[in-house]
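# Observations on the model geometry
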Amino acid sequence: ISCVVFDDELEAEKTAVAIKELRRKLKFPETVEFKFSQSSKITRTKFLETVNRFNFKIRSLVIDKRLIRSHELRGNKNSFYGYTIKSLLQYSNNSILEAKVRVDGSGDRTFRKSFLLYLRRELNSKQKKIMKDCKLVDSKSNVLIQMVDMIAGSVRRSYDEEKTDRLEYKKIIRKHIQDEWNFK
(Lines give C-alpha, C1' and ligand atoms only; values in the text may rest on other atoms or scores of the structure.)
Protein backbone atom coordinates (compact mmCIF):
# COMPACT_ATOMS: atom_id res chain seq x y z
CA ILE A 1 0.00 0.00 0.00
CA SER A 2 1.33 3.45 -0.85
CA CYS A 3 0.51 7.06 -0.27
CA VAL A 4 1.61 10.19 -2.04
CA VAL A 5 2.23 13.28 0.07
CA PHE A 6 2.05 16.76 -1.39
CA ASP A 7 3.20 19.58 0.87
CA ASP A 8 1.53 22.10 -1.42
CA GLU A 9 -2.04 21.86 -2.74
CA LEU A 10 -1.12 23.81 -5.86
CA GLU A 11 1.54 21.21 -6.68
CA ALA A 12 -1.11 18.47 -6.32
CA GLU A 13 -3.41 20.38 -8.67
CA LYS A 14 -0.63 20.85 -11.26
CA THR A 15 0.13 17.13 -11.08
CA ALA A 16 -3.55 16.29 -11.62
CA VAL A 17 -3.68 18.57 -14.67
CA ALA A 18 -0.53 16.94 -16.11
CA ILE A 19 -2.11 13.49 -15.69
CA LYS A 20 -5.26 14.64 -17.50
CA GLU A 21 -3.13 16.13 -20.28
CA LEU A 22 -1.24 12.84 -20.58
CA ARG A 23 -4.56 11.01 -20.98
CA ARG A 24 -5.42 13.32 -23.91
CA LYS A 25 -1.92 13.02 -25.40
CA LEU A 26 -2.27 9.22 -25.32
CA LYS A 27 -5.70 9.66 -26.98
CA PHE A 28 -7.44 7.83 -24.14
CA PRO A 29 -11.10 8.68 -23.51
CA GLU A 30 -11.81 10.78 -20.41
CA THR A 31 -13.35 7.70 -18.82
CA VAL A 32 -10.10 5.69 -18.92
CA GLU A 33 -8.67 5.07 -15.48
CA PHE A 34 -4.91 4.71 -15.09
CA LYS A 35 -4.32 1.41 -13.27
CA PHE A 36 -0.94 -0.24 -13.06
CA SER A 37 -2.30 -3.76 -13.56
CA GLN A 38 -4.20 -2.78 -16.71
CA SER A 39 -1.59 -0.52 -18.31
CA SER A 40 1.01 -1.35 -20.92
CA LYS A 41 4.69 -0.90 -20.22
CA ILE A 42 4.70 2.22 -22.41
CA THR A 43 1.75 3.77 -20.56
CA ARG A 44 3.28 2.99 -17.15
CA THR A 45 6.59 4.56 -18.16
CA LYS A 46 4.99 7.69 -19.67
CA PHE A 47 2.74 8.11 -16.66
CA LEU A 48 5.59 7.83 -14.14
CA GLU A 49 7.81 10.14 -16.19
CA THR A 50 4.98 12.69 -16.29
CA VAL A 51 4.39 12.76 -12.52
CA ASN A 52 8.10 12.53 -11.75
CA ARG A 53 8.51 16.22 -12.67
CA PHE A 54 6.43 17.32 -9.68
CA ASN A 55 7.23 17.70 -6.00
CA PHE A 56 5.78 14.94 -3.80
CA LYS A 57 6.88 12.18 -1.45
CA ILE A 58 6.04 8.50 -1.56
CA ARG A 59 5.50 6.36 1.52
CA SER A 60 4.89 2.64 1.04
CA LEU A 61 4.13 -0.26 3.32
CA VAL A 62 5.05 -3.62 1.80
CA ILE A 63 3.27 -6.59 3.36
CA ASP A 64 3.55 -10.27 2.60
CA LYS A 65 0.03 -11.27 3.60
CA ARG A 66 1.16 -14.85 4.20
CA LEU A 67 3.14 -13.64 7.23
CA ILE A 68 0.21 -11.97 9.01
CA ARG A 69 -0.62 -13.78 12.24
CA SER A 70 -3.66 -11.79 13.37
CA HIS A 71 -6.88 -13.70 12.64
CA GLU A 72 -8.79 -10.40 12.39
CA LEU A 73 -6.41 -8.95 9.79
CA ARG A 74 -6.21 -12.22 7.84
CA GLY A 75 -9.94 -12.78 7.78
CA ASN A 76 -11.40 -9.30 7.47
CA LYS A 77 -10.47 -7.30 4.38
CA ASN A 78 -11.84 -4.06 5.85
CA SER A 79 -9.84 -4.47 9.07
CA PHE A 80 -6.69 -5.17 7.08
CA TYR A 81 -7.29 -2.14 4.85
CA GLY A 82 -7.92 0.17 7.81
CA TYR A 83 -4.95 -1.10 9.80
CA THR A 84 -2.48 -0.73 6.92
CA ILE A 85 -3.63 2.78 6.05
CA LYS A 86 -3.49 3.78 9.71
CA SER A 87 0.04 2.39 10.03
CA LEU A 88 1.25 4.14 6.89
CA LEU A 89 0.00 7.50 8.14
CA GLN A 90 0.84 7.02 11.81
CA TYR A 91 4.50 6.06 11.48
CA SER A 92 5.66 8.94 9.32
CA ASN A 93 8.17 10.54 11.71
CA ASN A 94 5.80 13.50 11.90
CA SER A 95 6.06 14.17 8.16
CA ILE A 96 2.28 13.84 7.90
CA LEU A 97 0.40 16.25 10.15
CA GLU A 98 -2.99 17.95 9.74
CA ALA A 99 -3.31 16.31 6.34
CA LYS A 100 -6.18 16.21 3.91
CA VAL A 101 -6.35 12.47 3.29
CA ARG A 102 -8.06 10.92 0.28
CA VAL A 103 -8.38 7.15 0.31
CA ASP A 104 -9.34 4.93 -2.61
CA GLY A 105 -12.49 3.25 -1.54
CA SER A 106 -16.13 2.70 -1.79
CA GLY A 107 -18.35 0.34 0.11
CA ASP A 108 -21.64 0.81 1.83
CA ARG A 109 -22.43 3.75 4.06
CA THR A 110 -21.90 1.78 7.28
CA PHE A 111 -18.41 0.67 6.23
CA ARG A 112 -17.44 4.17 5.10
CA LYS A 113 -18.59 5.74 8.35
CA SER A 114 -16.88 3.16 10.58
CA PHE A 115 -13.67 3.28 8.51
CA LEU A 116 -13.38 7.07 8.75
CA LEU A 117 -14.23 6.99 12.47
CA TYR A 118 -11.54 4.34 13.05
CA LEU A 119 -8.88 6.45 11.28
CA ARG A 120 -9.82 9.61 13.19
CA ARG A 121 -9.80 7.78 16.52
CA GLU A 122 -6.47 6.06 15.84
CA LEU A 123 -4.62 8.96 14.21
CA ASN A 124 -5.76 12.08 16.04
CA SER A 125 -5.18 12.99 19.66
CA LYS A 126 -5.07 16.22 21.67
CA GLN A 127 -1.28 16.25 21.29
CA LYS A 128 -1.08 15.43 17.60
CA LYS A 129 -3.51 15.66 14.70
CA ILE A 130 -2.39 13.60 11.71
CA MET A 131 -5.62 14.01 9.73
CA LYS A 132 -7.46 17.28 9.32
CA ASP A 133 -9.89 15.82 6.81
CA CYS A 134 -10.40 12.35 5.35
CA LYS A 135 -12.62 11.17 2.53
CA LEU A 136 -13.10 7.94 0.62
CA VAL A 137 -13.09 8.72 -3.09
CA ASP A 138 -13.72 6.78 -6.26
CA SER A 139 -10.51 6.24 -8.22
CA LYS A 140 -12.40 6.52 -11.52
CA SER A 141 -12.97 10.22 -10.92
CA ASN A 142 -9.74 11.13 -9.13
CA VAL A 143 -6.47 11.11 -11.11
CA LEU A 144 -4.36 11.53 -7.95
CA ILE A 145 -5.79 8.27 -6.60
CA GLN A 146 -4.90 6.75 -9.98
CA MET A 147 -1.38 8.13 -9.46
CA VAL A 148 -1.15 6.28 -6.15
CA ASP A 149 -2.29 3.07 -7.87
CA MET A 150 0.45 3.46 -10.49
CA ILE A 151 3.06 4.10 -7.78
CA ALA A 152 1.88 1.27 -5.54
CA GLY A 153 1.96 -1.03 -8.57
CA SER A 154 5.52 0.06 -9.32
CA VAL A 155 6.62 -0.66 -5.76
CA ARG A 156 4.78 -3.99 -5.76
CA ARG A 157 6.33 -4.98 -9.10
CA SER A 158 9.84 -4.35 -7.74
CA TYR A 159 9.33 -7.30 -5.35
CA ASP A 160 8.24 -9.73 -8.07
CA GLU A 161 11.43 -11.53 -9.05
CA GLU A 162 9.74 -13.28 -11.96
CA LYS A 163 9.08 -10.02 -13.83
CA THR A 164 11.82 -8.77 -16.15
CA ASP A 165 10.65 -5.16 -15.76
CA ARG A 166 10.51 -5.36 -11.97
CA LEU A 167 12.96 -2.53 -11.27
CA GLU A 168 12.22 -0.21 -14.20
CA TYR A 169 9.20 1.62 -12.82
CA LYS A 170 10.45 2.22 -9.31
CA LYS A 171 13.70 3.52 -10.75
CA ILE A 172 11.79 6.37 -12.45
CA ILE A 173 10.21 7.57 -9.19
CA ARG A 174 13.05 6.65 -6.82
CA LYS A 175 13.86 10.28 -5.87
CA HIS A 176 10.37 10.67 -4.39
CA ILE A 177 10.50 7.62 -2.10
CA GLN A 178 10.65 8.88 1.45
CA ASP A 179 9.93 5.58 3.15
CA GLU A 180 9.44 1.99 2.04
CA TRP A 181 8.68 -0.12 5.06
CA ASN A 182 8.76 -3.91 4.83
CA PHE A 183 6.17 -4.92 7.39
CA LYS A 184 6.88 -8.08 9.33
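Scroll up to find the structure.
Residues numbered from 1 in each chain as written. Predicted model: local features only at pLDDT ≥ 70, side-chain atom pairs only at ≥ 80, totals over all residues. Heavy atoms only, no water.

### What about the overall build of the chain?
Scanning the chain from terminus to terminus reveals 7 helices and 5 strands. If you list the helices and strands of the chain from N to C, you get β-α-α-β-α-α-β-α-β-α-α-β. Over its C-alpha trace the chain gives a radius of gyration of 17 Å, about what one expects of a compact globule, namely 16 Å for 184 residues. Each principal axis of the C-alpha distribution contributes one length, and for the chain these read about 45 × 40 × 35 Å. Taken across its 184 residues, the chain has 43% of its residues classed as buried. Across the chain, contacts joining residues at least 24 apart in sequence account for 73% of those joining residues at least 6 apart. As presented, the chain carries roughly 11,500 Å² of accessible surface, and 48% of it is formed by carbon and sulfur atoms. Computing the positive centroid from 41 side-chain charges and the negative centroid from 25, the chain places the two 1 Å apart. (Helix = DSSP H or I, 4+ residues; strand = E, 2+ residues; numbered from the N terminus. Rg over C-alpha atoms; globule rule 2.2 N^0.38 Å. Buried < 20%, exposed > 50% of the residue type's maximum accessible area, 1.4 Å probe, protein only. Contact = heavy atoms within 4.5 Å. Areas by Shrake-Rupley, 256 points an atom, 1.4 Å probe, with all protein chains shown as cover. Lys, Arg positive; Asp, Glu negative; His and termini not counted. Charge placed at Lys NZ, Arg CZ, Asp CG, Glu CD.)

### Structural notes on the nonpolar core
Ranked by size, the top nonpolar core spans 24 residues in total, and within it Phe-47, Phe-56, Met-147 and Ile-151 carry the most contacts. When contributions to this core are tallied by element, the ones reaching two or more residues are helix H1 (9–25), helix H2 (41–51), helix H6 (143–157) and helix H7 (168–173). Residues in contact with Ile-151, not counting those within four places in the same chain, are Ser-2, Val-4, Leu-48, Phe-56, Ile-58 and Ile-173. (Core = buried A, V, L, I, M, F, W, Y, C linked by side-chain atoms within 4.5 Å.)

### Let's talk about the side chain of Lys-86
Structurally, Lys-86 is set in helix H4 (residues 77–90). Those residues in contact with Lys-86, other than ones at most four positions away along the chain, are Tyr-118, Leu-119, Glu-122 and Leu-123.

### Let's talk about unusual backbone geometry
Residues other than glycine seldom take positive phi values, yet Lys-27 does so here, at roughly 60 degrees. Residue position: Lys-27 is located in the loop between H1 and H2. Under the relative-accessibility criterion, Lys-27 is labelled exposed at 73%. Despite not being glycine, Glu-98 has its phi angle at roughly 50 degrees, a positive value. Mapping Glu-98 onto the fold places it in the loop between H4 and strand S3 (99–104). With a relative accessible area of 49%, Glu-98 lands in the partly exposed category.

### Things to note about the packing of H1 against H6
Direction vectors running N to C along H1 and H6 enclose 80 degrees, while the axes themselves pass 9 Å from each other. In terms of axis orientation, H1 runs roughly perpendicular to H6. The segment H1 lies against H6, with Ala-12, Thr-15, Ala-16, Ile-19, Lys-20 and Arg-23 engaging Val-143, Leu-144, Gln-146 and Met-147. Across the contact of H1 with H6, the residue classes tally to 6 nonpolar, 2 polar and 2 charged. (Axes fitted to C-alpha atoms, helices over the stretch in contact; angles between N-to-C directions. Parallel < 35°, antiparallel > 145°, perpendicular 65-115°, else oblique. Nonpolar A, V, L, I, M, F, W, Y, C, P; charged D, E, K, R; others polar.)

### Some details on the packing of H2 against H6
Look at H2 against H6: their axes get within 11 Å of each other, and the N-to-C directions meet at 115 degrees. Classified by the interaxial angle, the pair formed by H2 and H6 is roughly perpendicular. Once H2 is placed against H6, the crossing between them reads as left-handed. Between H2 and H6, the residues in contact are Thr-43, Arg-44, Phe-47, Leu-48 and Val-51 and Gln-146, Met-147, Met-150, Ile-151, Ser-154 and Arg-157, respectively. Of the residues assigned to the contact of H2 with H6, the class counts are 6 nonpolar, 3 polar and 2 charged. (Left-handed = near helix turned anticlockwise from the far one by under 90°.)

### Digging into H4
Helix length check: H4, at 14 residues, gives a terminal C-alpha distance of 20 Å against a target of 20 Å (1.5 Å per residue), a fit within 8%. All of the buried residues along H4 are Phe-80, Gly-82, Thr-84, Ile-85, Lys-86, Ser-87, Leu-88 and Leu-89. Buried positions along H4 lie against strand S1 (2–5), strand S2 (57–63), helix H3 (71–75), S3, helix H5 (109–123) and strand S5 (177–183). Between the side-chain oxygen of the N-cap and the backbone nitrogen of Asn-78 there are 2.9 Å, and the N-cap of H4 in question is Asn-76. (Expected span 1.5 Å × (residues − 1). Polar contact = N/O pair within 3.5 Å; in protein donor to acceptor, adjacent residues only side chain to side chain.)

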